[in-house]
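Overview (structure and organization)
Here is what each chain is made of, one letter per residue.
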Number of protein chains: 2
Amino acid sequence: MSDNRPKIRHALDVKRADDFAKWYQAVISAADLAEESGVRGCMVIKPWGYGIWERIQRLMDDRIKSAGVQNTYFPIFIPLANFEREAAHVEGFAKEMAVVTHHRLIADGEGGLIPDPEAKLEEPLVVRPTSETIIGDAMARWVQSWRDLPLKLNQWSNVVRWEMRTRMFLRTSEFLWQEGHTAHASREDALAETHRALEMYRACAEEDLALPVIAGEKPENERFPGADETWSIEAMMQDGKALQAGTSHYLGTNFAKAANIRYQDHEGTAQFCHTTSWGTSTRLVGGIIMTHGDDDGLCVPPRIAPHQVVILPMLRDKPEDKDLIAYCEELKASLGAQTGLGEPVRVLLDLKPGKASAKRWDWVRKGAPLICEVGPRDMENGQVALIRRDELWNAENGKLATRFIQRAQFIDDVPKLLEDVQASLFERARERRDANITRGLGTWDEVVEFFASNGKYPGWVEVQWSKPTGTALDEVVEQLKSQKLTFRNVPKDSDPADGNCIFTGEPAVERILVARAY
Amino acid sequence: MSDNRPKIRHALDVKRADDFAKWYQAVISAADLAEESGVRGCMVIKPWGYGIWERIQRLMDDRIKSAGVQNTYFPIFIPLANFEREAAHVEGFAKEMAVVTHHRLIADGEGGLIPDPEAKLEEPLVVRPTSETIIGDAMARWVQSWRDLPLKLNQWSNVVRWEMRTRMFLRTSEFLWQEGHTAHASREDALAETHRALEMYRACAEEDLALPVIAGEKPENERFPGADETWSIEAMMQDGKALQAGTSHYLGTNFAKAANIRYQDHEGTAQFCHTTSWGTSTRLVGGIIMTHGDDDGLCVPPRIAPHQVVILPMLRDKPEDKDLIAYCEELKASLGAQTGLGEPVRVLLDLKPGKASAKRWDWVRKGAPLICEVGPRDMENGQVALIRRDELWNAENGKLATRFIQRAQFIDDVPKLLEDVQASLFERARERRDANITRGLGTWDEVVEFFASNGKYPGWVEVQWSKPTGTALDEVVEQLKSQKLTFRNVPKDSDPADGNCIFTGEPAVERILVARAY
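This section reports on the structure supplied with the text. (Residues numbered from 1 in each chain as written. Chains lettered and ligands numbered in written order. Predicted model: local features only at pLDDT ≥ 70, side-chain atom pairs only at ≥ 80, totals over all residues. Heavy atoms only, no water.)

Another point: the overall build of chain A. If you tally the helices and strands in chain A, you get 14 helices and 30 strands. Its C-alpha atoms give chain A a radius of gyration of 26 Å, within 12% of the compact-globule value 24 Å for 518 residues. On the principal axes, the C-alpha backbone points of chain A span a range of 80 × 65 × 60 Å. Considering chain A as a whole, with its 518 residues, one finds that 58% of them fall into the buried category. Partitioning the intrachain contacts of chain A with sequence separation of at least 6 by distance along the chain shows that 70% fall at a separation of at least 24. (Helix = DSSP H or I, 4+ residues; strand = E, 2+ residues; numbered from the N terminus. Rg over C-alpha atoms; globule rule 2.2 N^0.38 Å. Buried < 20%, exposed > 50% of the residue type's maximum accessible area, 1.4 Å probe, protein only. Contact = heavy atoms within 4.5 Å.)

Printed below as a string of structure tokens:
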């Protein structure tokens, strides 16, 4: 960056380049997305953060339903016995979970309350960390014959995994998610569903959230406990770390055998079902922050912005305010009658008391895609002062890049403007991602050297490997761990291997992404 | 009923008139709404039941948002200390709740799992039975001055109240609901919000769910723990019992004082906020069953039906099926392009394997508003065979009242048909309700006699009373309890009192509804 560029005074007091972790927390606070709840490991999702999640839910749910998946609701409590059935699942999950042991409180005689010793449960209940086992029980009841297959279910719910080190949206003890669970007659059908869900996640991430992702298969050590195959979409954050943004699992007949999910085939023979499960969570909001946030706060892609246009009248607590508000109401109605990105444009007229400039900066930090200020003079001139959140600054003069547009023109243009912001956020993120994947490192030493010398945010490397299993794989994973590195996935569309494994020296069989990760 | 009417063979093997409780369970099972989960007190909500809940959510959520209320999400776990703060709230709630005491499981050495004694929580956590106390904590942080008021929040979530005797949808240990929580500068504003929410519930119940309700104030003994006023909407089920279908509470400054929710007024003086809370739950689905169900299963009001029209092609596993399916696809598209009750018509083309007649009866039991059968001959004649679920039988001949309509006519008529079904379900329920409220009983003995002699399903009575409080009220409540009766509410629009209290003999001050209740 050249030194004679004018200095911009950004809205946050911590910059991405200086302290990414601190910047992340600053955006969450400045954009009013969430806050610590005071309850260990749990956060409060505030209206703007929850509004973004609601938009993600709505768009994802449409995709889920259009694939013929039906929504359901299963109990939050799971009996211990369910976890004891599937050996690998116990290993992977039966650890940090919230356990309910009592069903009543009584006074302790000193003004406090304690669990009533008389009301101890015979069998403790686990607060669901995921629902394969309890949904498996239902599938065993619901599936009789091939006519009942495929059975495709989904639920939107909260889940709890007790976490020692938490970070808002990325790792909290309680989080919100959707979990899809399907049962099929054959391995082929179940694998097709695994890939359908994966592709749905890719499309939702890229088209709705403007998050470029790489879809691929996780190596054995990163598989879901009890799965035969785990696939993921991986997104690159602005600090070059990877974020696993969604997973889709082919569970083989493992859970079907544990829960006895069987069907009669066309010949009347009982067969085990092949099952899948797939999930995404409020973690996606963390991915949006670390992909589209900047030193002025968040920038929300229009498709998932609760409000796409915020109108801010410059009120002065004077009688003239009435006309200005009426003018803005009309503007709001005209904008709202337009269709942008396939839906009616979502417009907020912000009449909350407060200074106009303070409110403008609030919306910049929250990342409303278009912020539209209207003062008395604008009203006279039939214009609006428009701020496009993704092009906030005029680099020439270091000032806000406010544009004055005729009101009618703005109404005509708003669909195109929203499309542009959506596309530009995606393109920007994709270019950054592509520029930060390094290929062609031929040895482990080169990888170590790369991560040691390539600055603060080195990005990802794609390396060739021989796909060792068992203890050989464990050794490789330890090797990665020593550099704080992890395997991400084997991209679906990566080139075939043509060299040697950087870990074992044996002929490589595929290419795999290696990165630091959240 | 005259004896020479033809006998109808209904789809359920238990009738409302014979055993209402058993019939209720039979509908839930026959309409595939929900089932026992195997986890104590918790149910599984199956796709058709959950689809109805999703429709209720969507319509209610639109109403909530249009009132300027913002959705949020608060932790499922509430520290014990929160319950200890508000005395009346402890009394009312700190009883049957699920208590989390451990955060890890370990192997017991015999193939099982047990809570890890090393992972005992210092302070047990309660699974939320309602969120006043934890949302109150947040309000105390978020509200600084009058500019921050009103603060209007809502959340859609699961809650847990440990129940000893459960009944699906009506009383389960875990249920789904929305809870609104608002803070205001004055008593007047908070009361206005209490009534806005109540009116919203009335409108949603009557217009969307076709449930006629009576809105009114609960007497002191039925108040929410910690509330100054509790208002409800009450619906009459077909067995004459009352179902409380939604409540709205004015909490005064009680919770504000417990959580220290204060604001600076225009003069800079710190004042306590006045707060409200209001909720509705999956219980509404139980109300729909007991209002719109009949001896053939459920009948879902079109506004909340996941599918409003179900097309059933009469497939024969022959090559001609292809044409029939194409014809039905086209019909589906034409119907779906119509607008009914303000939304695109929701159409399912059911291609699941199975006999056409079996599938027809499945949809009758589930209560799809319009069931439309198309066979090869219908296709040739350009017609459909239509079953209107709310007018299922031809009373003349005891057969299904199937109508043959030209395809084009059906497409034109579908919006009107859906409106008719919606209106007719409401009218039918309202007439039944109004015919079963008895007024003019002047003494307690008359009330006892009325409920003893007026058949199996006596309905409600509206009586005059002097509104005693404290122990005098306790005695009245005991008197009611001896007859298995309860107070419902004091209807907002009831006539003024003009007689004596049937309990105390003193001059009455208002009229109150008395009924058996769920």
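Turning our attention to the interface of chain B and chain A. Contact with chain B, which involves 66 residues of that partner, is made by 66 residues of chain A. Summed over both partners, the interface of chain B with chain A comes to about 5,500 Å²; 64% of that surface belongs to carbon and sulfur atoms. When the buried surface of chain B facing chain A is broken down by residue, Tyr73(B), Leu105(B) and Leu113(B) rank first, second and third, together holding 12% of it. Put simply, chain B and chain A have 8 salt bridges between them. Between Asp148(B) and Lys352(A) there is a salt bridge, with the nearest N and O atoms lying 3.8 Å from each other. The interface formed by chain B and chain A contains 33 residue pairs in polar contact (both at pLDDT 80 or more). Take the side of chain B that touches chain A: its biggest share by element is 6 residues, from helix α2 (residues 47-66) of chain B. When its residues are assigned to classes, the side of chain B that touches chain A shows 39 nonpolar, 10 polar and 17 charged. (Buried area = accessible area lost by both parts, 1.4 Å probe. Salt bridge = Lys/Arg side-chain N within 4 Å of Asp/Glu carboxyl O. Polar contact = N/O pair within 3.5 Å; in protein donor to acceptor, adjacent residues only side chain to side chain. Nonpolar A, V, L, I, M, F, W, Y, C, P; charged D, E, K, R; others polar.)

With that out of the way, let us pick up the sheet that holds strand β8 (residues 120-127) of chain B. As summarised here, the arrangement of the 6 strands in space is β4(A)-β8(A)-β5(A)-β5(B)-β8(B)-β4(B), forming an open sheet in which the pairing is antiparallel. If you trace the sheet from one side to the other, it starts and ends with β4 (77-79) of chain A together with β4 (77-79) of chain B, each paired once. Each adjacent strand pair in this sheet contributes to an overall mean axis angle of 45°, direction not counted. The sheet contact formed by strand β5 (residues 99-102) of chain B and β8(B) spans 3 bridges and is antiparallel. If you follow Val100(B) over to β8(B), its bridge partner there is Leu125(B). (Pairing = 2+ DSSP bridges. Axes fitted to C-alpha atoms, helices over the stretch in contact; angles between N-to-C directions.)

Residues and elements named next belong to chain B. Turning to its location among the elements, Thr172 is positioned in the loop between β9 (151-160) and β10 (174-184). A polar side-chain atom of Thr172 sits 2.7 Å from the main-chain carbonyl oxygen of Glu174. If we skip the residues at most four places from it in the chain, Thr172 touches Gly41, Met43, Arg161, Glu163, Thr166 and Arg167.

Time to look at the sheet that holds strand β27 (residues 460-465) of chain B. Strands pair in a sheet through their backbones, by hydrogen bonds, and they do so in one of two ways: parallel or antiparallel. Residues and elements named next belong to chain B. Overall, mixed pairing links the 4 strands, which are arranged β26-β27-β30-β28 in an open sheet. The two strands at the open ends of the sheet, each matched to only one other strand, are β26 (437-439) and β28 (486-487). Here 2 bridges tie β28 to strand β30 (residues 510-515), and the two strands are oriented antiparallel to one another. What sits directly across from Thr486, in β30, is Ala515. On top of the sheet, helix α13 (residues 444-453) reaches β26, β27 and β30; it is set at about 175° to β27, its chief contact.

Here the residue pair Leu149(A) and Pro150(A) is connected by a cis peptide bond, since its omega of -5° sits within 30 degrees of zero. Residue Ala210(A) is not a glycine yet carries a positive backbone phi of 60°. Mapped onto the elements of the fold, Ala210(A) is located in the loop between α6 (187-208) and β11 (213-217). Using a relative accessible area of 0% as the deciding quantity, one classes Ala210(A) as buried. In this structure, Leu341(B) is a non-glycine residue whose phi angle is positive, near 55°. Along the polypeptide, Leu341(B) turns up in the loop between β18 (339-340) and β19 (343-344).

Take the packing of aromatic side chains next. A complete count under the given rule lists 26 aromatic pairs over all chains for this structure. Both rings, one in Phe20(A) and one in Trp23(A), keep their centres 5.0 Å apart while their planes meet at 35°; by these two values the pair is tilted. Of this pair, Phe20(A) and Trp23(A) both sit in helix α1 (residues 20-30), 3 residues apart, roughly one helical turn. Trp23(A) carries the same exposure label as Phe20(A), and that label is buried. Arranged with centres 6.0 Å apart and planes meeting at 90°, the rings of Phe175(B) and Trp177(B) form a pair that is edge-to-face. The pair Phe175(B) / Trp177(B) is uniform in exposure class, with both members buried. Ring pairs connect the aromatic residues Trp444(A), Trp465(A), Phe487(A) and Phe503(A), which therefore count as one cluster. Stacked on the ring of Trp278(A), the Lys or Arg Arg196(A) has its end atom at 5.3 Å from the ring centre. (Phe/Tyr/Trp six-rings, centres within 6.5 Å; stacked < 30°, edge-to-face > 60°. Lys NZ or Arg CZ within 6 Å of the ring centre and 35° of its normal.)

Before going further, it helps to spend a moment on the relation of the copies chain B and chain A. Mapping chain B onto chain A calls for a rotation angle of 180° and an axial translation of 0.0 Å; the resulting RMSD is 0.0 Å. Viewed as a symmetry operation, the transformation between the two copies matches a two-fold axis. Closest approach to the rotation axis within chain B is made by the C-alpha atom of Val100(B), at a distance of 2.1 Å. An overlap of 100% is found between the interface residues of chain B and their copies at the interface of chain A, pointing to a shared contact surface. (Least-squares fit on C-alpha atoms with pLDDT ≥ 70 in both.)

Here the focus is empty space enclosed by the protein. All names here are of chain B. According to the stated counting rule, one finds 8 cavities of 30 Å³ or more in the structure shown. Here the largest cavity is characterised by a volume of approximately 80 Å³. Lining the largest cavity, in full, are Glu132, Ile135, Gly136, Met139, His181, Thr182, Leu251, Phe255, Ile261, Thr275 and Thr276. Secondary-structure elements contributing two or more residues to the lining of the largest cavity are α5 (132-142), β10 and β16 (274-281). Looking at the lining of the largest cavity element by element, the count peaks at 4 residues for α5. Residues belonging to the lining of the largest cavity are distributed by class as follows: 5 nonpolar, 5 polar and 1 charged. (1 Å grid on protein atoms, 1.4 Å probe; cavity = no way out; pocket = protein on both sides within 12 Å on 5 of 7 lines; lining within 4 Å. Points joined across faces, edges and corners; volume = space filled by probe spheres on them.)

Among the nonpolar cores identified, the biggest contains 205 residues, and Phe77(A), Phe169(A), Ile289(A), Phe77(B), Phe169(B) and Ile289(B) are the most heavily contacted of them. Setting aside its immediate chain neighbours within four residues, Phe169(B) contacts Tyr24(B), Ile28(B), Leu33(B), Ala34(B), Met43(B), Ile45(B), Thr282(B), Arg283(B), Val285(B), Gly286(B) and Ile289(B). (Core = buried A, V, L, I, M, F, W, Y, C linked by side-chain atoms within 4.5 Å.)

Where like charges cluster on the molecular surface, the negative patch consists of Glu84(A), Glu123(A), Asp108(B) and Glu110(B). Residue placement: Glu110(B) occurs in the loop between β6 (105-107) and β7 (113-115). In this structure Glu110(B) comes out as exposed when scored by relative accessible area, which is 73%. (Patch = residues over 30% accessible without salt bridge, like charges linked within 9 Å, V, L, I, M, F, W, Y side chains within 5 Å. Areas by Shrake-Rupley, 256 points an atom, 1.4 Å probe, with all protein chains shown as cover. Lys, Arg positive; Asp, Glu negative; His and termini not counted. Charge placed at Lys NZ, Arg CZ, Asp CG, Glu CD.)

Now for the environment of Pro225(B). All names here are of chain B. Structurally, Pro225 can be placed in the loop between β11 (213-217) and β12 (229-236). A relative accessible area of 19% places Pro225 in the buried class. Once the C-alpha coordinates of Pro225 and Leu251 are considered, the two residues, 26 residues apart in sequence, prove to be 9.3 Å apart.

Let us now look at the environment of Leu284(B). All names here are of chain B. Summarising the element assignment, Leu284 is placed in helix α8 (residues 283-292). Sequence separation of Leu284 and Ala185 is 99 residues, and the distance between their C-alpha atoms is 32 Å. Those residues within four positions of Leu284 in sequence are excluded, and the remaining contacts are Ile56, Met60, Leu209, Leu211 and Ala245.

Here we come to the pairing of strand β21 (residues 370-374) of chain B. Residues and elements named next belong to chain B. The element β21 is extensively covered by neighbouring structure, given that 5 of its 5 residues are classed as buried. Here β21 shows no split at all, with Leu370, Cys372 and Val374 on one side and Ile371 and Glu373 on the other all buried. Across 5 bridges, strand β17 (residues 309-313) lies against β21 in parallel orientation. Counted as the bridge partner of Ile311 is Cys372 from β21. Pairing of β21 with strand β22 (residues 383-388) involves 4 bridges; the strand directions are antiparallel. Its bridge partner lying in β22, Cys372 is registered against Leu386.

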